[in-house]
Amino acid sequence: MDVIIIGAGIGGLTLGLALHRAGIACRIYEASPAITPVGVGINLLPHATRELAALDLEAPLARVGVTTAEACFFNRFGQLIYREALGRAAGYASPQFSIHRGDLQRVLAEAFAARAGIDRLLTGWRCIGFSQEPDRATVHFEHAKSGEPLPPQHGTVAIGCDGIHSVVRKQLHPHEGEPLYSGYNMWRGLTRWPPFLSGASMVRAGWLATGKMVIYPIRNDIDDEGRQLVNWVAEIETPWHQARNWNRPGRLGDFLGAFKDWRFDWLDVPAMIGAAEMILEFPMVDQEPLPRWSFGRVTLLGDAAHPMVPRGSNGAGQAILDARALTDCLSAVRDNPVAALRAYQERRLEAAANVVRANRTNPPDAILREVYLRSGDRPFDDIDQLISRRELAAISDNYKRVAGYDREALARSR
Ligand SMILES: Cc1cc2nc3c(=O)[nH]c(=O)nc-3n(C[C@H](O)[C@H](O)[C@H](O)COP(=O)(O)OP(=O)(O)OC[C@H]3O[C@@H](n4cnc5c(N)ncnc54)[C@H](O)[C@@H]3O)c2cc1C
């Protein structure tokens with residue numbers, strides 16, 4: 001068995017590490033000329049960190065990321081709505097990490113190169129399509145910079161881990177429509193800032209209609225003053241949007257107005273976003289769940305299979321769960337890779353589609369929506385009069401069940 005992995009993002013690299021651990025040969029082909037730190041923050045929830053711990057990656061991730069301790073939900077007046085412990089602090093066997101996407105990708109890439117060999121991670125190879133013969137898959141590439149054709153690569157199976165603009169997905173589903181815009185635009189940024197709240201808190205505040213923020217630290221102790229690198233995302237209902245591009249620069253003036261009064265005793269939000277060292281703009285989009293990922297010897301994984309709006313901290317996590325499932329299936333039926341890819345689809349397609357749908361309707365920030373609606377977007381005197389603790393916990397717990405990180409269910413599964 002020789003697996004061709006297209007894309008060295010979070011899903012492709014985790015798959016490479018998991019296959020290597022299972023004794024299955026693989027090669028990863030990445031379009032970027034080098035693995036460089038792009039993106040901003042990502043959260044890894046306990047279902048995903050459990051898989052990474054099984055690949056001996058918990059310690060290196062803990063060194064570069066922040067071990068998240070709690071989630072805090074506030075209204076746009078800075079009033080606390082709900083607080084819950086996260087990761088180990090909530091009794092999980094594995095932690096939650098808030099981490100720079102680039103740090104996560106580097107830890108995965110270095111581990112893969114050290115274990116499988118640097119010659120199995122090829123950069124500057126852009127996939128342009130694939131073909132299949134009865135006994136193998138062939139993937140076609142061009143040189144990412146020059147556009148010169150590169151030699152076709154043959155494998156037992158080929159896995160499209162090529163992200164939200166997946167070429168493999170487009171070939172498998174040529175008539176799929178454009179990405180679906182949610183009606184919310186996002187401005188994402190990084191700021192060097194002193195620790196706030198517990199120093200390991202993930203904050204969601206406000207609501208999309210008037211402006212919502214997600215804020216959490218992703219690197220500790222970045223200077224002599226003990227500041228952290230803080231990741232923040234402003235999400236605002238906006239009728240227009242640009243095409244999705246992970247690296248499009250954003251302008252402070254386009255969204256700062258929505259947060260100008262957000263000066264709270266726990267954080268001065270306009271000062272923090274005003275001090276950003278970088279701002280990116282990105283529309284909140286997803287795609288309708290696909291009816292099928294596996295076609296003979298080719299399948300999809302991660303964002304290529306199930307792009308989702310980032311409202312549940314699950315994009316990277318679901319890609320990591322895919323990698324584990326695909327490795328299990330390929331290990332179980334080594335002599336029938338087509339059946340293995342079918343079994344993988346069986347195990348993951350509907351589960352991931354449910355997360356795509358839940359992220360649209362009832363992700364954890366539905367807590368903010370409920371309070372926004374019930375309070376008429378006004379400050380409250382007593383949160384318990386507006387909504388009970390039990391109801392708030394139920395919103396959060398329901399999402400955990402759908403996304404696969406309900407604590408008890410996770411403890412029971414292997
Ligand atoms: C540049 C970038 C920045 C991001 N920033 C954030 C962020 O700040 N926060 C967040 O939550 N999520 C971010 N994401 C998305 C996040 O990484 C994914 O949602 C999630 O981790 C799922 O991982 P994935 O492996 O499916 O996709 P990705 O991590 O997106 O990986 C896909 C990989 O495939 C490569 N690729 C694409 N096309 C081809 C091709 N034709 N041939 C070969 N290789 C190809 C890409 O360069 C990339 O390395 C970012 C993704 C990218 C690519």
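Scoring rules and cut-offs
- Counting starts from 1 at the beginning of each chain's written sequence and moves along it residue by residue.
- Selection of residues for local features in this predicted model requires a pLDDT of at least 70, selection of side-chain atom pairs for listing and counting requires 80 or more, and totals for whole chains, interfaces and linings are taken over all residues.
- The side-chain figures draw on all heavy atoms in the structure; neither hydrogens nor water molecules are used.
- Any carboxyl oxygen of Asp or Glu that lies within 4 Å of a side-chain nitrogen of Lys or Arg is treated as forming a salt bridge with it.
- For the purposes of this entry, the term helix denotes a DSSP run of H or I that reaches at least four residues, the term strand denotes a run of E that reaches at least two, and both are numbered from the N terminus.
- Residue burial is assigned from relative accessible area. The probe radius is 1.4 Å, only protein chains are included, and a residue is buried under 20% of its type maximum, exposed over 50%, and partly exposed in between.
- In plain terms, two cysteine sulfur atoms within 2.5 Å form what is called a disulfide here.
- Buried Ala, Val, Leu, Ile, Met, Phe, Trp, Tyr and Cys residues form a nonpolar core when they are joined through side-chain atoms within 4.5 Å.
- Contacts between residues were defined by any pair of non-hydrogen atoms, one from each residue, lying within 4.5 Å.
- A pair of strands is labelled paired if DSSP reports no fewer than 2 bridges between them.
- Interaxial angle, 0 to 180 degrees, is taken between N-to-C directions of lines fitted to C-alpha atoms, where a helix line uses only the stretch in contact.
- By convention in this text, a residue qualifies as near a molecule or strand provided that one of its non-hydrogen atoms is within 4 Å of it.
- Definition of a polar contact: a pair of N or O atoms within 3.5 Å, with one able to donate and the other able to accept a hydrogen when the atoms are protein atoms, and with sequence-neighbouring residues admitted only if both atoms are side-chain atoms.
- Each accessible area is a Shrake-Rupley estimate made with a 1.4 Å probe; only the visible protein chains count as cover when residues are assessed.
- Polar here means any residue other than Ala, Val, Leu, Ile, Met, Phe, Trp, Tyr, Cys and Pro, which are nonpolar, and Asp, Glu, Lys and Arg, which are charged; Gly is therefore polar.
- What sets the label is the angle itself: under 35 degrees gives roughly parallel, over 145 gives roughly antiparallel, 65 to 115 gives roughly perpendicular, and the rest give oblique.
- The hand of a helix crossing depends on one turn: near helix anticlockwise from the far one by less than a right angle means left-handed, and clockwise means right-handed.
- Under the pairing criterion, centres of Phe, Tyr and Trp rings, with the six-membered ring standing for Trp, must be within 6.5 Å; the plane angle then separates stacked pairs below 30 degrees from edge-to-face pairs above 60, leaving the rest tilted.

(A) Geometry of the pattern of salt bridges. Throughout the structure, instances matching the rule amount to 33 salt bridges. Here Arg83 makes a salt bridge to Glu70, at a shortest N to O gap of 2.9 Å. With Arg83 in strand S6 (residues 80–85) and Glu70 in strand S5 (residues 70–74), this residue pair connects regions lying 13 residues apart in the sequence. Judged by relative accessible area, Glu70 falls into the buried class, the value being 11%. Where Glu370 meets Arg369, a salt bridge forms, and the shortest distance between an N and an O atom there is 3.5 Å. Exposure remark for Arg369: the relative accessible area of 21% places this residue in the partly exposed category. Connected through shared salt-bridge partners, Arg50, Glu51, Arg324, Asp328 and Arg347 make up one network.

(B) Quick look at the state of the cysteines. Tallied over the full model, the rule gives 0 disulfides. Cys26 forms no disulfide, and the closest cysteine sulfur to it belongs to Cys161, at a distance of 10.0 Å.

(C) Local environment of the nonpolar core. Grouped together as the largest cluster of nonpolar side chains are 64 residues, with contacts concentrated most on Val3, Leu15, Leu44, Leu57, Leu61 and Ile159. Not counting the four nearest positions on each side in its chain, Leu44 is found in contact with Thr49, Leu52, Leu61, Pro95, Gln96, Phe97, Ile99, Leu104, Ala316 and Ile320. Counting 32 residues, the second largest nonpolar core, distinct from the first, contains Ala71, Ile164, Leu368 and Ile387.

(D) Summary view of the sheet that holds S5. Read across the sheet, 7 strands follow the order S6-S5-S14-S15-S16-S13-S17 without closing on themselves; strand pairing throughout is mixed. The two strands at the open ends of the sheet, each matched to only one other strand, are S6 and strand S17 (278–286). Shown here is a sheet whose adjacent strand axes are inclined to one another by a mean of 20 degrees, direction ignored. Here strand S15 (residues 211–219) pairs with strand S16 (residues 228–237) via 7 bridges, running antiparallel. Looking at S16, one finds that Ile215 is bridged to Trp232. Running over the sheet, helix H9 (residues 366–375) touches S5, S6, strand S14 (201–207) and S15 and is turned about 35 degrees from S14.

(E) Region of the structure containing the site of the ligand. As a structural note, the neighbourhood of the ligand is formed by 32 residues, with Glu30, Val40, Arg101, Arg188 and Asp303 the closest of them. Within the backbone of Ala31, an N or O atom sits 3.1 Å from a nitrogen atom of the ligand. Within the backbone of Cys127, a nitrogen or oxygen atom sits 2.9 Å from a nitrogen atom of the ligand. Its free accessible area being 910 Å², the ligand has 87% of it covered by the protein chains. Counting only elements with at least two residues in the shell around the ligand, the list comes to helix H1 (10–21), strand S2 (25–30), strand S3 (41–44), helix H4 (101–116), strand S9 (125–133) and helix H7 (315–332). Tallied by class, residues from the shell around the ligand come to 15 nonpolar, 11 polar and 6 charged.

(F) Main features of the packing of H7 against helix H8 (residues 337–361). Between H7 and H8, the shortest axis-to-axis distance is 8 Å and the interhelical angle comes to 160 degrees. Classified by the angle their axes make, H7 and H8 are roughly antiparallel. Where H7 crosses over H8, the two elements pack in a sense that is right-handed. Residues Gln318, Leu321, Asp322, Arg324, Ala325, Leu326, Asp328, Cys329 and Leu330 of H7 form the contact with H8, whose own contacting residues are Ala340, Leu341, Ala343, Tyr344, Arg347, Arg348, Ala352 and Val355. For the contact of H7 with H8, the residue count by class is 11 nonpolar, 1 polar and 5 charged.

(G) Seen up close, the packing of aromatic side chains. Overall, the coordinates contain 12 aromatic pairs when judged by the stated rule. Ring plane angle 35 degrees and centroid distance 5.8 Å describe the contact between Trp232 and Phe255, whose orientation is recorded as tilted. Of this pair, Trp232 sits in strand S16 while Phe255 sits in the loop between S16 and helix H6 (269–274), placing them 23 residues apart in sequence. The exposure class assigned to Trp232 is buried, which follows from its relative accessible area of 0%. Taking the relative accessible area as the measure of exposure, Phe255 reaches 2% and is therefore buried. Judged by centre distance (4.8 Å) and plane angle (85 degrees), the ring pair of Phe259 and Trp262 falls under edge-to-face.

(H) Broad picture of the environment of Ala234. Tracing the backbone through its elements, the reader meets Ala234 in strand S16. Residue Ala234 is classed as buried on the basis of its relative accessible area, which comes to 0%. Not counting the four nearest positions on each side in its chain, Ala234 is found in contact with Asn185, Met186, Trp187, Lys212, Met213, Phe255 and Phe259.

(I) Geometry of the packing of H8 against helix H11 (residues 389–403). Where H8 meets H11, the axes come as close as 9 Å, and the angle between the chain directions of the two elements is 155 degrees. With respect to their mutual orientation, H8 and H11 come out roughly antiparallel. Contacts between H8 and H11 involve Asn354, Val355, Ala358 and Asn359 from the first element and Tyr399, Val402 and Ala403 from the second. Its residues placed into classes, the contact of H8 with H11 shows 5 nonpolar, 2 polar and no charged.

Shape descriptors only; they carry no functional weight alone.
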